[in-house]
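Observations on the model geometry
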Amino acid sequence: MRITKCMALVAVSIAISSCGPQDSTLSIYNWSDYIGDTTIESYQQYENTSILYSNYSSNEEMMAKLSFEPDAFDLVFPSGYAAAEMKRSGMLQKLDKALIPNLVNLMEAFRSPYFDTEMEYCVPYTWSPTGIGYNSDVVSAEEAASAGILFNGNYPNMVTMLDDSRATLGIALKYLGYSANSSQSDELNEAAELLVSAKPSLRMFTNDNIPSVYASEEVVVGYGWSGDIMQAAEINPRIKFSIPEEGSLVYVDYMCIPSGSDNADEAAKFINHILDPNVSLEIATTTKYATTNMAAFQLATGDTIELWSALQQAESGLLENVIVVDSNISLYDDAWRAVKDGGN
Ligand code: N2P
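The structure displayed is predicted, hence computed values, not measured ones. Just so you know, the residues in each chain are numbered from 1, in the order the chain's sequence is written. Reporting of local features is limited, given that this is a predicted model, to residues whose pLDDT is at least 70; pairs of side-chain atoms are given and counted only at 80 or more, and all residues count toward the totals for whole chains, interfaces and linings.

1. Overview of the overall build of the chain
Definition in use: The numbering of helices and of strands both runs from the N terminus, where a helix is a DSSP run of H or I of at least 4 residues and a strand a run of E of at least 2. Radius of gyration here uses only the C-alpha atoms, and the compact-globule reference equals 2.2 Å multiplied by the residue count raised to the power 0.38. Buried residues are those with 20 or more other C-beta atoms within 10 Å of their own C-beta, exposed residues have 12 or fewer, and partly exposed residues lie in between; C-beta atoms are placed from the backbone.
In terms of helices and strands, the chain carries 13 helices and 13 strands. Over its C-alpha trace the chain gives a radius of gyration of 20 Å, about what one expects of a compact globule, namely 20 Å for 344 residues. Taken along its principal axes, the extent of the C-alpha atoms in the chain is 60 × 45 × 40 Å. By residue count, 45% of the 344 residues in the chain fall in the buried class.

2. Section: the site of the ligand
Here is the rule: Only the C-beta atom matters for this test: placed from the backbone, it must lie within 6 Å of a molecule or strand for the residue to be near it. Polarity classes work like this: nonpolar for Ala, Val, Leu, Ile, Met, Phe, Trp, Tyr, Cys and Pro, charged for Asp, Glu, Lys and Arg, and polar for all others, with Gly in that last group. Where each domain starts and ends follows an automatic or database-derived domain assignment.
Close to the ligand lie Trp31, Ser32, Asp33, Tyr34, Ser79, Ser128, Trp225, Asp228, Tyr251 and Asp253, which account for all nearby residues. Split by residue class, the shell around the ligand holds four nonpolar, three polar and three charged. Taken domain by domain, the makeup of the shell around the ligand includes at least three residues from each of domain 1 (2–126 + 252–316) and domain 2 (128–250 + 320–341).

3. Looking at helix α10 (residues 277–287)
Taken as a whole, α10 has its buried residues at Val279, Ser280, Leu281, Ile283, Ala284, Thr285 and Thr287. Note on α10: the residue one or two positions beyond its end, lysine 288, has a positive phi of about 70°.

4. Comments concerning helix α4 (residues 80–88)
To keep it simple, the criterion reads: The contact criterion used is a C-beta to C-beta distance within 7 Å, with each C-beta placed from the backbone.
Counting buried positions over the nine residues of α4 gives seven, a clear majority of the element. Inspection of α4 places Gly80, Tyr81, Ala82, Ala83, Ala84, Met86 and Lys87 among the buried residues, and these make up the whole buried set. Residues of α4 that are buried sit in contact with α3 (59–68), β6 (122–135), α5 (165–175) and β11 (248–256). Where α4 terminates, the next one or two residues include glycine 90, which has phi positive at roughly 75°.

5. Structural notes on the nonpolar core
What counts here: For our purposes the nonpolar core covers buried Ala, Val, Leu, Ile, Met, Phe, Trp, Tyr and Cys residues that link as a set through C-beta atoms within 7 Å.
In terms of nonpolar packing, the biggest core is built from 95 residues, with Leu169, Val221, Tyr254, Met255, Cys256 and Ile271 touching the most fellow members. Residue contributions to this core peak at seven residues, all from β11. Residues lining this core come from more than one domain, with at least three contributed by each of domain 1 (2–126 + 252–316) and domain 2 (128–250 + 320–341). Once you skip the residues sitting within four places of it in the chain, cysteine 256 turns out to touch Val76, Pro78, Ala83, Met86, Leu92, Tyr121 and Cys122.

6. With respect to the domain arrangement of the chain
Considered domain by domain, the chain is made up of domain 1 (2–126 + 252–316) and domain 2 (128–250 + 320–341). In this structure, domain 1 and domain 2 have C-alpha centres spaced 25 Å apart. The interface is formed by 21 residues belonging to domain 1 together with 20 residues belonging to domain 2. Those elements that provide at least two residues to the side of domain 1 that touches domain 2 are α4 and α12 (302–318). By residue class, the composition of the side of domain 1 that touches domain 2 is nine nonpolar, seven polar and five charged.

The structure is reproduced here in structure tokens:
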């Protein structure tokens, strides 16, 4: 994005820069709680780059923002289904892989995304299942072993769920025995009805500040992304994470450059920085999301290795990858609107 460094400072709160003559600013748009504490500063040690860093709450919010302002961001972090949709609709530009030699560090298993098999447009960032977060002083491990805890009314006004159509309709679909990628309108309607019936239990739908929502004990149970719940567990050890026996969802999120970016070389260099083993490891240990970086995995120790191994075991069988649902995006939008508007 071409703006002056001084404008960048005025425009956002998290801008690390110095004012100077007009030049290019790297504008990064990412989920909240989804980067290492030092990722940006460590890049700026080597590159004299002004960085504009801002957060979004959902794939849909990010895509809507880019549709209105195609040149607003140089780097975004869509989940696989959203990256697939963005690529299909021309919202992404090809990467200059010569600027990303650290691609060699990626795990074999992540090198060929189903929607972009040569990684021409997107590079894997982290992966994570969704599951149940719970306060183990109040909720037993047996109760938290089923997604039924979200829907059975046992914890009125004490449940949080993601404000995310695919993720939250997805867990309701899994609980009902359907695919999290269902494109059957009767199944989606049933999932929406289940969520509406659970609304008296719901304290909030949110994607933001999830670690503190659990850690502060504002809720006793909820449904969310593993990393955010594990961040809460680090603050408050009573918080635990479980993958429900009915199955759950798994996401790989990607780094991609929007087609409107005019600072793609800098964005590619930043992707290369993220793929540095030490930088990837620092991101993974801060965010508690599982790495896609083999070189980082090899550097990890103790708790981090244990967490990743547990997640990897869960992946076999219980977890369904969230993929793009052909020409049925509006089905999810409609079902989600019914959930948000339904009930009280
Ligand atoms: C981080 C959310 C990351 C999205 N707060 C996981 N797919």
